[in-house]
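Each chain, written out:
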Amino acid sequence: MNKSPDAHRMEKIVSLCKRRGFIFQSSEIYGGLNGCWDYGPLGVELKRNLKNYWWRVMVHERDDVVGMDGSILMNRAVWKASGHEDTFTDPMVDCRSCKARLRADQLVEKNGIKQCPNCGGKDLTTPRAFNLMFKTFVGATEDESSLTYLRPETAQAIFVQFKNILEVSRKKLPFGIAQIGKAFRNEINPRNFTFRSREFEQMELEYFCRAEEGMRWLDYWKEERLKFYENIGIARDNLHALTVPDEERAFYSKGTYDIEYDFPFGRQELEGVAYRTDYDLSQHQKASGKSLEYFDEETKQRFIPHVVEPSAGVDRTVLALICEAYSEDEAPDEKGKMETRIVLRFHPRIAPIKCAVFPLLKNKEPLVAKAKEIVALLRPHMYVFYDEVGAIGRRYRRQDEIGTPFGVTVDFETLGEKDPALRDTVTLRDRDSMKQERVPVKDLPGILVSRIS
Ligand code: GAP
C-alpha cells in the first residue's frame, strides 16, 4: 500500500540538511535559483560515496562493463536524431487566476473538474508542449547555426560513442557502457526538495545485447538494481518495482520498470530500467550516416544491438538515503537524563564520515597526541573526523546526527595509566547499538575497513 505523505518528517529532514551542511539552496544569498541545489561538506561526501559504490559494482566488479565520461555540450544533431528536440516535452498549463505554470499531470481533479493545485482556480489554459531542454549557443554568434542544448540525459553520449568504445575495449555482446554525470532539464515545476531539480546527476548504464535476449536482461538488471539499493541501506520494504504499463512506455521500449521509493512525500521514481530496443543506435546510424553495427565473428552477421538501460538519479538516491536514515530515538545525556537523539542511520559504506576520534579531555597533552596519532593511522583508509570540543556525550550526539557509524575514544587506559594490559587500546563505539568494545589501536584500520567496505 502507498504510505501516506509525511510533511512534518520531510520538514525536519530539510532543516537537518541545511543545519548540518548536507544540502543548501543554490545562490541562497541572492534568493536562490528554483530547482538548483548545492551540496555542502557532508552532502558532497555522501554523494561521492554513492557514486563510487555505483561505479564499483557496475564497472569495476564486472568483466562486461566499461566506463566513459562524455561532454555536456554535444552537436545539436544528436538531439535531433534522438528525438529530444521534437518530443522531449511536458504538457504545460497556466492558471489564469494565480498565474502559476503547472504540469498538466499535476493538476488536481475535484468532481471531474481539473483545478489549480495552488489556488483551486478552474480557469486553466489548454495544455501545450513545453520542451525541457535548456538552450545555449556555442561560439560568438547567437543564432540558429550555433544553437545547442545542455544534455537532458547522459545516455546519448554513450550511444554516439558506441563504435569507438566497442573498438577500443574489444568487448563482445552482451556488454555495457556506464557513465555518471550532470543532466539538465528546465522542469516546469521543480519540487520536493532535490527530488525534481533542473540540474541533477544521473548514473546510467547502456547494456548492449542481442534482440532475442533483451527481455531477459531487462529482468536481470531490475533485480541487480534492487539489490544495489538494499546494499546501500535502503530497506526492501520501501522499494517497489513498478511494471510501466504499455500505454505509458516510450513507443520504442518493449518493457520498462520504475524502481520507486517510499519518500515522506509519497512513492516516487528513483530509477528507470528500460529495454530501449535498437531505437537509439538506429536513429544515430540513420542521422549520421555512420555504421553503428556490431559484427558477430561467429555467425558473420552484422546487426544493430539492442539495449537495456538502468538509469538512476544521484540526487534522488541521496535524498532517499537521507530519508531512509533519518530517525529519532531516546538516549541518556551527560547526567543520565533521557533526551531525544537524532540519528542518521546511514549504511557505513555510504556514511560521509566513517569514524570520529575523540581524546577524552582536550587539556591532557598525551590524550590529544594519541588521538591525533590514531587520526593519522586511519586517514589513508577512510574519512575521519577529530573532535576535542565539549563533553564526550555531546561529541557523540553531533556525530550521530550526521550518521558517523563509529567513534573512537582515547582515554587514560589507552595511555596504560590504569591497567598496563589496556595500553594502546581504545573504545570503539557503534552508532546504532551504542555498544562499546575495547580494541587494540593497531587493529583499528583492519576492523573499520572491513565494516565500511
Ligand atoms: N536516459 C533515460 C532517462 O534519462 P529518465 O527516467 O528521464 O530516463 C532517469 O531519468 C533518472 O534520472 C530518473 O529515474 C531520476 O532518478 C533522474 N531524474 C530525471 N529527472 C530528474 C529531475 N528533474 N531531478 C532529479 N532527478 C531526475
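Preceding this paragraph is the structure being described.
The following refers to the structure shown.

The next thing to look at is the site of the ligand. As a matter of local geometry, the ligand sits amid 20 residues, with E153, R185, E204, E269 and L270 nearest to it. In the environment of the ligand, an oxygen atom lies 3.0 Å from a nitrogen or oxygen atom belonging to the side chain of Q202. Measuring from an oxygen atom of the ligand, one finds a side-chain N or O atom of E269 at 2.5 Å. Taking 550 Å² as the accessible area of the ligand by itself, protein coverage stands at 89%. Of all the secondary structure elements, the ones that give two or more residues to the shell around the ligand are β12 (199-209), β15 (266-277) and β18 (306-313). Sort the elements by how many residues they give to the shell around the ligand and β15 lands first, with five residues. Across the shell around the ligand, the residue classes tally to five nonpolar, five polar and 10 charged.

Core analysis: the largest hydrophobic core is formed by 59 residues, its most contacted members being F22, Y229, F263, I322 and F346. Setting aside residues no more than four positions away along its own chain, Y229 makes contact with I234, L239, I259, L270, E271, A312 and T317. F175, I177, F303 and I304 belong to the second largest nonpolar core, which has 26 residues in total.

For the rest of this paragraph, the subject is the pattern of salt bridges. Scanning the entire structure with this criterion turns up 45 salt bridges. A salt bridge links K18 to E28, with the shortest nitrogen-to-oxygen separation between them at 3.2 Å. Linking K18 in helix α1 (residues 7-19) with E28 in the loop between β1 (23-25) and β2 (37-39), this pair joins segments that are 10 residues apart in sequence. Under the relative-accessibility criterion, K18 is labelled partly exposed at 44%. Overall, the relative accessible area of 34% leaves E28 in the partly exposed class.

By the definition in use, this model includes 22 aromatic pairs. Ring plane angle 90° and centroid distance 4.9 Å describe the contact between Y261 and F263, whose orientation is recorded as edge-to-face. Across this residue pair, the class does not change: Y261 and F263 are buried. One aromatic cluster in this structure is built from F159, F162, F175 and F208. The ring of Y257 carries the charged tip of K222 above its face, separated from the ring centre by 4.7 Å. In this arrangement the basic side chain of R429 is found over the ring face of Y396, its NZ or CZ atom lying 4.2 Å from the centre.

Before going further, it helps to examine the packing of helix α2 (residues 41-60) against helix α7 (residues 214-231). The interhelical angle for the contact between α2 and α7, taken along N-to-C directions, is 140°, at an axis separation of 12 Å. Relative to α7, the element α2 is oriented oblique. In the packing of α2 onto α7, the handedness of the crossing is right-handed. When α2 is examined against α7, the residues L50, Y53, W54, V57 and M58 are found in contact with a partner set consisting of W221, R225, F228 and N231. Taken together, the residues of the contact of α2 with α7 break down into seven nonpolar, one polar and one charged.

Each regular strand carries side chains that alternate between the two faces of the sheet. Most of strand β20 (residues 338-344) sits inside the fold, with five of its seven residues counted as buried. As judged from the seven bridges shared by strand β19 (residues 326-332) and β20, these two strands associate in the antiparallel manner. Among the inter-strand pairings, S327 is bridged to a residue of β20, identified as V343. Here β19 hands over to β20 after five residues, with G336 in that stretch at a positive phi of 85°.

This next bit is on the side chain of R151. Summarising the element assignment, R151 is placed in the loop between β10 (147-149) and α5 (155-160). Buried and without a salt bridge, R151 has D69 as its closest oppositely charged side chain, separated by 5.2 Å. In this structure R151 touches G70, S71, I72, W79, Q179, G181, K182, A183 and F184, once residues within four positions along its chain are discounted.

What counts and how
- Residues numbered from 1 in each chain as written.
- Predicted model: local features only at pLDDT ≥ 70, side-chain atom pairs only at ≥ 80, totals over all residues.
- Heavy atoms only, no water.
- Near = heavy atom within 4 Å.
- Polar contact = N/O pair within 3.5 Å; in protein donor to acceptor, adjacent residues only side chain to side chain.
- Areas by Shrake-Rupley, 256 points an atom, 1.4 Å probe, with all protein chains shown as cover.
- Helix = DSSP H or I, 4+ residues; strand = E, 2+ residues; numbered from the N terminus.
- Nonpolar A, V, L, I, M, F, W, Y, C, P; charged D, E, K, R; others polar.
- Core = buried A, V, L, I, M, F, W, Y, C linked by side-chain atoms within 4.5 Å.
- Buried < 20%, exposed > 50% of the residue type's maximum accessible area, 1.4 Å probe, protein only.
- Contact = heavy atoms within 4.5 Å.
- Salt bridge = Lys/Arg side-chain N within 4 Å of Asp/Glu carboxyl O.
- Phe/Tyr/Trp six-rings, centres within 6.5 Å; stacked < 30°, edge-to-face > 60°.
- Lys NZ or Arg CZ within 6 Å of the ring centre and 35° of its normal.
- Axes fitted to C-alpha atoms, helices over the stretch in contact; angles between N-to-C directions.
- Parallel < 35°, antiparallel > 145°, perpendicular 65-115°, else oblique.
- Left-handed = near helix turned anticlockwise from the far one by under 90°.
- Pairing = 2+ DSSP bridges.
- Lys, Arg positive; Asp, Glu negative; His and termini not counted.

No statement about biological role is implied by the geometric values presented.
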